[in-house]
Amino acid sequence: MKKILLLTLMFTGMAFSNVYAQSPQSVVLTFYENLQREQAVDFKGFSSERGQNLFVSAFSDGKPDIPSCTTCHTPSPTGTGKTRAGKIIEPMALSINNARYTDTVKTEKWFRRNCKSVMGRECTPREKGDFLTFMMGQ
Amino acid sequence: MKTSQIIWDFPTRAFHWLLVLTVAGGLITGFLAPDSWLMIHVWFGTAVLALITFRLIWGLVGSYHSRFSSFIYSRRETRDHILGLLKRKPSKHLGHNPLGALMIFILIGTLLVITLSGFVVLGGEEKQGPLAGVVPYFIGKGVEDIHETLAGFLLFLIGGHLFGVVVESLLSKENLAKSMVTGRKAIPDIDSDNTDTVKGGVHRGVSVAGVVGLVVVLALFLIGIPTISGAVTESVIPTDVSNTQYSTECGDCHHAFHPSLLPKESWFKMMNELDNHFGEDASLDGKVVQSLEAFLINNSSEIWDTRAANLFRNVNPKKPLQITATKRWKHIHEDVPDTAFQHKLVGTKTNCAGCHSGTQVGMFADYTVQMPKGF
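Residues numbered from 1 in each chain as written. Chains lettered and ligands numbered in written order. Predicted model: local features only at pLDDT ≥ 70, side-chain atom pairs only at ≥ 80, totals over all residues. Heavy atoms only, no water.

Novice: Tell me what's going on with the overall build of chain B, and back it up with residues and numbers.
Specialist: Secondary structure summary: chain B contains 13 helices and 2 strands in total. Relative to its length of 375 residues, chain B is extended, with a C-alpha radius of gyration of 29 Å against a globular reference of 21 Å. Counting only contacts in chain B whose residues sit at least 6 apart along the sequence, the fraction spanning at least 24 positions is 69%. Only carbon and sulfur atoms are counted for the fraction: they give 64% of the accessible area of chain B, which is about 20000 Å². In chain B, which carries 32 positive and 32 negative side-chain charges, the distance between the mean positions of the two groups comes to 14 Å. (Helix = DSSP H or I, 4+ residues; strand = E, 2+ residues; numbered from the N terminus. Rg over C-alpha atoms; globule rule 2.2 N^0.38 Å. Contact = heavy atoms within 4.5 Å. Areas by Shrake-Rupley, 256 points an atom, 1.4 Å probe, with all protein chains shown as cover. Lys, Arg positive; Asp, Glu negative; His and termini not counted. Charge placed at Lys NZ, Arg CZ, Asp CG, Glu CD.)

This is the structure we're talking about:
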């Protein structure tokens, strides 16, 4: 009886870790981690705090009408945003929108566009990783 | 003592009163009802066309007084009748009198042209109905004037018809409207100078056949025409962009504008400057750009013949990327208040889908506009 329980626990545990290891979000995050490792030898992990900072800061080098990520995504990660053309943007926080950060190509496309629009330049892999780490913890 | 006899067989009477109802329905929905009633208007028009078709057949094979041959009069007879009318002693006729007959031919002809032109307009402008596949937009647009002018003329004819019935009823001391209900008319005295002899009464069998014919023709039109239309419109309604690569790539910031809303020159230009797209970076991978470009060009306003494609084909040379900057777009929407565009369910004037259904196939029509509540 105890054996069976133990086995079941083991299997469910494995199943869980399996899901975690293959969750599409972690694939996306690993993509940026690998990029960052290539660029910087002393990679010490992403920072949720820096990610939050990037999210709420206002920049002046981008398009004048859109100084910050929050212009469209609202100041709250769980807020429902709006594009300038009036279309709804689903929340960025993973906890309430698990459709987020599931496709590297999509995430990369939007980082490229939005960072250029807001900051006038592309974000670095570290900035992207930080941002994702922040949003995935929200 | 006068006796009376059935002159108008039942199918002719049923035709007459059904025509009254459906023509009234068509006129009211055409002139007075809001645009959203278009399909009801078309239903009435279809019924009118069916009735007229039946009458044309019945005019050849119906009972004696229903046949056209029984009321085609020579010019002389018509003139004599008018002269008689002026002396308040019109010539007597068991069936239609010469003026009444003339009115009937004009009414039937007018109704025929009105209903057929209606289908031309429906096909050309709305890309709906049985002629959707064959009538170009500009022809539909042109014929719309004929359709409307004739509808006005029809009002005039109906007035004349009613006036004629009243005058003839008074002069002949016989209620002609009632005859069209009961089918009976008084038989003139044998010794009167009337030459119209009592010919062929109405056989029961003929009436039954007529009623069956009437029902069959009505059913054929009212079921057949919408069925044909459904099949035809499929080929002329532009590509549905929902669930395409295009709507995934170009539908995140705004609804995916249908490619048929702008000419290919505009799309080329837009796809070449995506990194500065209305003050935003909307850049895409080179391969994706190529594939989208092909899709846009295969569905641009040069390709489709919808109203929207025709209206917005002439872009504003200063702002060739914007549908909303065209003269036509501004003109059409000049009565739409700013507050409607700013309504929380709409947001901006570029959110066509906020007020229009059918944006995914580029079909815009005033009869499908759904303004936010309160407008």
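Novice: Lay out the pattern of salt bridges in plain terms, naming residues and giving numbers.
Specialist: Under the definition given, this model contains 17 salt bridges over all chains. Note that A:Arg84 is salt-bridged to A:Asp65, the shortest N-O span being 3.7 Å. Note that A:Arg84 is positioned in the loop between β1 (81–82) and β2 (88–89) and A:Asp65 in the loop between α3 (48–56) and α4 (70–73), a separation of 19 residues in sequence. Using a relative accessible area of 36% as the deciding quantity, one classes A:Arg84 as partly exposed. The closest approach of N and O atoms between B:Glu280 and A:Arg84, which form a salt bridge, is 2.6 Å. In this pair, B:Glu280 is assigned in the loop between α9 (264–272) and α10 (286–298) and A:Arg84 in the loop between β1 and β2, connecting two distinct chains. Residue B:Glu280 is classed as buried on the basis of its relative accessible area of 18%. It is possible to trace a salt-bridge network through shared partners that takes in B:Glu125, B:Glu126, B:Lys141, B:Glu144 and B:Arg307. (Salt bridge = Lys/Arg side-chain N within 4 Å of Asp/Glu carboxyl O. Buried < 20%, exposed > 50% of the residue type's maximum accessible area, 1.4 Å probe, protein only.)

Novice: Explain the side chain of A:Ser47 to me, and be specific about the residues and the numbers.
Specialist: Residues and elements named next belong to chain A. In this fold, serine 47 is placed in the loop between α2 (24–39) and α3. A distance of 3.2 Å separates a polar side-chain atom of serine 47 from the backbone nitrogen of glutamate 49. A polar contact of 2.9 Å, which involves the side chain of serine 47, links it to the backbone nitrogen of arginine 50. (Polar contact = N/O pair within 3.5 Å; in protein donor to acceptor, adjacent residues only side chain to side chain.)

Novice: Please provide a residue-by-residue account of unusual backbone geometry, values included.
Specialist: Backbone geometry places A:Thr74, a non-glycine residue, at a positive phi of 65 degrees. Residue B:Asn243 is not a glycine yet carries a positive backbone phi of 60 degrees. Relative to the helices and strands, B:Asn243 is located in the loop between α7 (204–236) and α8 (245–250). A residue is classified by how much of its surface remains accessible, and B:Asn243, at 78% relative accessible area, is exposed.

Novice: Could you give me a rundown of the environment of B:Met103, with the residues and numbers involved?
Specialist: All names here are of chain B. Within the fold, methionine 103 resides in helix α4 (residues 98–126). Taking the C-alpha atoms as reference, methionine 103 lies 58 Å from tyrosine 246; in sequence the two are 143 residues apart. Discounting chain neighbours no more than four positions away, the residues touching methionine 103 are Leu157, Gly160 and His161.

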